[in-house]
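Each chain, letter by letter, is given below.
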Amino acid sequence: MAKLNVITIAILSVWAVPFIISATPAYRNQYNAVEENVADVNLDLDSSNPGFEDIGYLLYDGARLTFTGSNSITATAENSMGFLVSGTNTTLNLESFGFTLDGPNTAALRIENGATGILSEETDIDVDGDGSIGVIVDNAASNLTSGSPTGESATATVISSAHIDSDGLNATGYSVQNGARLTLTPESSLDLSEANGTGIRVLNGGDIINNSSMTIANGTGIDVQNGGITNVRGGTINVAGTAADSAGIRVGSGSQLILGRSDAAPDPAKAVINASGNAQGILLNGTNAALSVFDTNINISSSGTGNGLDNRSETNTVSLNNLGIINEGNGAGIRSASSLDAGDATITVTGPGSGVKFTDVDLDGNDVTANHAFSLGSGYLINLSGSDGAGIVANTTGAVSTAARVNINNTAGGPALISGTATIVDNSGELRSQSLSSPVVDLRDDSANVQLTNSGTIAAADAVYSAIAMGSGNDVVSLTGGAVVGDVSTGDGDDTINWSGGSLNGSLTLGAG
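Cut-off values and rules
- Residues numbered from 1 in each chain as written.
- Predicted model: local features only at pLDDT ≥ 70, side-chain atom pairs only at ≥ 80, totals over all residues.
- Heavy atoms only, no water.
- Salt bridge = Lys/Arg side-chain N within 4 Å of Asp/Glu carboxyl O.
- Buried < 20%, exposed > 50% of the residue type's maximum accessible area, 1.4 Å probe, protein only.
- Helix = DSSP H or I, 4+ residues; strand = E, 2+ residues; numbered from the N terminus.
- Pairing = 2+ DSSP bridges.
- 1 Å grid on protein atoms, 1.4 Å probe; cavity = no way out; pocket = protein on both sides within 12 Å on 5 of 7 lines; lining within 4 Å.
- Points joined across faces, edges and corners; volume = space filled by probe spheres on them.
- Patch = residues over 30% accessible without salt bridge, like charges linked within 9 Å, V, L, I, M, F, W, Y side chains within 5 Å.
- Areas by Shrake-Rupley, 256 points an atom, 1.4 Å probe, with all protein chains shown as cover.
- Contact = heavy atoms within 4.5 Å.
- Core = buried A, V, L, I, M, F, W, Y, C linked by side-chain atoms within 4.5 Å.
- Lys, Arg positive; Asp, Glu negative; His and termini not counted.
- Charge placed at Lys NZ, Arg CZ, Asp CG, Glu CD.

## What about the pattern of salt bridges?
The tally for this structure, following the rule as stated, stands at 14 salt bridges. As a salt-bridge pair, Arg312 and Asp310 come within 3.1 Å of each other at their nearest N and O atoms. What makes Arg312 buried here is its relative accessible area of 13%. One salt bridge connects Lys357 with Asp367, and the closest N-O pair in it is separated by 2.8 Å. Remark: Asp367 occurs in strand S39 (residues 367–368) and Lys357 occurs in strand S37 (residues 354–358); sequence separation between them is 10 residues. Given the relative accessible area of 22%, Lys357 is considered partly exposed. The class for Asp367 is partly exposed, based on a relative accessible area of 36%. Here the salt bridges share partners, and the residues they tie into one network are Asp310, Arg312, Arg335, Lys357 and Asp367.

## Describing the pairing of strand S19 (residues 172–177)
When you tally the buried positions in S19, you get six out of six residues, the bulk of the element. With five bridges joining them, strand S14 (residues 133–138) and S19 adopt parallel strand pairing. Considered in S19, the bridge of Val137 is made with Val176. One ladder, built from five bridges, connects S19 with strand S22 (residues 197–203); its direction is parallel. Paired with Val176 across the bridge in S22 is Val202.

## With respect to empty space enclosed by the protein
Taken as a whole, this structure holds one cavity of 30 Å³ or more when the rule is applied. In this structure, the largest cavity occupies an estimated 40 Å³ of space. As for the largest cavity, its lining consists of Ala162, Tyr174, Leu184, Ser188, Ser189, Leu190, Asn210, Ser212, Ser213 and Met214. Among the elements of the structure, strand S21 (189–192) and strand S24 (213–216) are those that each provide at least two residues to the lining of the largest cavity.

## Remarks on a nonpolar patch on the surface
A surface patch of nonpolar side chains, about 330 Å² in accessible area, is lined by Trp499, Leu508 and Leu510. With a relative accessible area of 45%, Trp499 lands in the partly exposed category.

## Let's talk about the environment of Ser336
For Ser336, the position within the fold is in strand S35 (residues 332–336). We classify Ser336 as buried; its relative accessible area is 0%. C-alpha separation for the pair Ser336 and Glu78, spaced 258 residues apart in sequence, amounts to 42 Å. With sequence-adjacent residues up to four places away left out, Ser336 is seen in contact with Asn311, Lys357, Phe358, Thr359 and Phe374.

## As for the nonpolar core
With 108 residues, the main nonpolar core has Phe67, Phe83 and Ile200 as its most contacted residues. Not counting residues up to four positions away in its chain, the partners in contact with Ile200 are Tyr174, Val176, Leu182, Leu184, Ile208, Met214, Gly221, Ile222 and Asp223. Residues Ile55, Leu58, Met81 and Ile136 belong to the second largest nonpolar core, which totals 10 residues.

## A short note on the pairing of strand S13 (residues 123–127)
Across the two faces of S13 the burial differs, with Thr123, Ile125 and Val127 buried and Asp124 and Asp126 not buried at all. Two elements, strand S10 (residues 97–101) and S13, share five bridges in a ladder whose sense is parallel. Pairing of Phe99 across the sheet is with Ile125, part of S13. Pairing geometry for S13 and strand S18 (residues 163–166), over three bridges, is parallel.

## Description of a negative patch on the surface
A cluster of acidic residues, Glu121, Glu122, Asp124, Asp165, Asp167, Glu187, Asp191 and Glu194, forms a negative patch on the protein surface. Following the sequence through the fold, Glu194 ends up in the loop between S21 and S22. The partly exposed category is assigned to Glu194, whose relative accessible area is 33%.

## Notes on unusual backbone geometry
One non-glycine residue, Asn113, adopts positive backbone phi at about 50°. With respect to the element layout, Asn113 can be found in the loop between strand S11 (107–112) and strand S12 (116–119). Positive phi outside glycine occurs at Asn196, with the angle close to 60°. Within the secondary structure, Asn196 is located in the loop between S21 and S22. Given a relative accessible area of 47%, Asn196 falls into the partly exposed group.

Fair warning: the whole summary comes from geometry, so function is off the table for now.
Structure (structure tokens):
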């Protein structure tokens, strides 16, 4: 063992270059190609050497250390770090350890370039310094003498049963980088209580097996950025947020997320996201962001204003399979700036929100009327039991086509489909309503010349209630097949009804045109 051997290293930044050491680091201890047990360590990383960054331990070239007994590191100096563990077959095993990260931009551990970190449930990490990170795991290698990237890469792995909590601003629990692997065991916990917290940040892809749960009081559960493919399996994310871009999982430009069930024995479990406040369940928040979801449940609380899935990317790069969304709040089960043709999802709306909302979105997350077409596939089921809520909302001047099934199960419920701007509406699905106050298809506020075609089912609670209500334009209603139950009202304007197929159990109400 060598002590205080000063070498230069650049240790990645929080975003594009994760966690930068801005000055020459001073290593308190180095271990190279040895295997040892260490006990009862207590270090204060406090910049006692002016001009040097304080790092407790460097392990490299196959060193294997196990820490037992009563161990602690307190990082008060800015950019200080407990451990740097680098290289294939280099292993750090923490059977008992406590970290207190009080200084800004500090970190407990960095595991890189083929190294392995094993953190027992007797490992506690308090991430209290502004911008600090609990654990960094990165496939990329750093040159330990020059600090420049070597270009080498090997799979780095962290298996964590640790308990991470934070009372600091801008805290991050784990940073997974360049395809590295993180496994959270059922014994682990992650609890961030202050603003702009991030449970797990992924930069340029990674693999995460989450057999645990995390609670983020104001921020984002998993933040996927800087491209690459990220696989996340299982786990429960509890998230709240005040910002419009806070989310259970956020996916940035050029990044791809695959989210689904954990196969952990003996009880494979769906991934679960519970969102409240302004937090979205899943947010696609950049160009060419891609999402594949299977065997996942998203729940929006009654106090929530966010959306279950908020797709702000206008590319058709969303694949949903066996997705369940329960929306008790004011948002939408799914808000999307692109069509949702393939896949399947069941959306249950129990509050005043909507099932699916098609709309463009501005940089602040506000709805903007689109001018392109939207379509919703036959694999989507929307059940609405709350009052005032709507099944499908179309905020576009283009065409809207739906093959979905929508059931409005409340006598005070809103429309199964509503638009005040669309020019073409095509239904080949099933739109059914028990509402006594709203039309099944509500186009009353649409002043455009609308072409509505039905080859599916549009069914009001009874033949005397409104099935289709058109607006003030010169509209064309074409009944080409399927069934309509209820009144068809053409509204004002010079309107036309073409009836070439299907059945009508109800009435035709012609407007003033």
